[in-house]
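Spelled out, the chains give:
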Amino acid sequence: MDLEARSLQPNVKAVLLAKLREYKSDLNNLKSEHKRLASANSNQAARDDLLESGMADAISVSANQRGRLMMSTERLNESSDRIKESRRTMLETEELGVSILQDLHQQRQSLLHATDTLHGVDDNISKSKKILTNMSRRMSRNKWIISSIIVVLVVAIALILYFKLSK
């Protein structure tokens, strides 16, 4: 199992190796407890003597231990429930965070697009301003030319009339 776990992907490998170490330590603990119990069976006679003399005390102690064990089991179950609830809350928070990050990414893309469009509009406005300025200059120049032509024509008409009327 150890070799199979080491050949997997890194994210899965770490989790499996941790479980494998935990299982190995549990196995070693069970082996040592088995050896201890096996040696205790060899001392069965001594054990029987102890049990007979303290049987009455053992029953009351056993009931007391059973009560403590049940309380410990109850606390362990409550802790497990709290851990499950915390894990569920953590997953919900993570989902919410991912959703917020996706929304922020979309908003960023929208802002970048709006900025590009704004730069395009600004360039077009600058071109339009230059065109309007050139048109205004041409209009002013054309007004001066037309005014000059009108003045020349008025002077020419006045001269023609003057020469016609004076003869």
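Going along each chain's sequence as written, the residues are numbered from 1 onward. Since the coordinates come from a predicted model, pLDDT governs what is reported: local features require at least 70, and pairs of side-chain atoms require 80 or more to be given and counted, while whole-chain, interface and lining totals use all residues. Only heavy atoms go into the side-chain values, all of them from the structure, while hydrogens and water stay out.

1. Some remarks on the overall build of the protein
Within the protein, the secondary structure is distributed over four helices and zero strands. Scored against the burial criterion, the 167 residues of the protein give a buried share of 2%. Numbering of helices and strands runs from the N terminus, with a helix taken as a DSSP run of H or I at least four residues long and a strand as a DSSP run of E at least two residues long. Partly exposed describes any residue whose relative accessible area lies between the buried limit of under 20% and the exposed limit of over 50%, with all areas from a 1.4 Å probe on protein chains only and scaled to the type maximum.

2. Focus on a nonpolar patch on the surface
Only residues whose relative accessible area exceeds 30% and that form no salt bridge are eligible for patches; like-charged ones are grouped when within 9 Å, while nonpolar side chains (Val, Leu, Ile, Met, Phe, Trp, Tyr) are grouped when within 5 Å. Per-residue accessibility takes into account occlusion by the displayed protein chains alone, with areas from the Shrake-Rupley method and a 1.4 Å probe. Should a side-chain nitrogen of Lys or Arg be within 4 Å of a carboxyl oxygen of Asp or Glu, the pair is scored as a salt bridge. On the surface, a nonpolar cluster with roughly 520 Å² of combined accessible area is contributed by Val-151, Val-155, Leu-159, Tyr-162 and Phe-163. Structurally, the position occupied by Leu-159 is in helix 4 (residues 55-166). For Leu-159, a relative accessible area of 43% corresponds to the partly exposed category.

3. Focus on the pattern of salt bridges
Counting across every chain of the model gives two salt bridges. With a closest N to O distance of 2.2 Å, Arg-88 and Glu-85 form a salt bridge. A residue pair is termed a helical-turn pair when its members lie 3 or 4 positions apart in one helix, as Arg-88 and Glu-85 do in helix 4 at three residues. Judged by its relative accessible area of 39%, Arg-88 falls in the partly exposed class. Between Glu-92 and Arg-88 there is a salt bridge, with the nearest N and O atoms lying 2.4 Å from each other. Linking Glu-92 with Arg-88, this pair stays in helix 4, spanning four residues, or about one helical turn. Its relative accessible area of 43% is what places Glu-92 among the partly exposed residues. Overlapping salt bridges, with partners in common, bring together Glu-85, Arg-88 and Glu-92 in one network.

4. Here's the deal with the confidence of the model for the protein
Here pLDDT means the predictor's own confidence in every residue, given as a number from 0 to 100. For the protein, the average pLDDT comes to 85, and 83% of its residues sit at 70 or higher. Element-level mean pLDDT values for the protein span from 58 in helix 3 (residues 44-53) up to 91 in helix 4.

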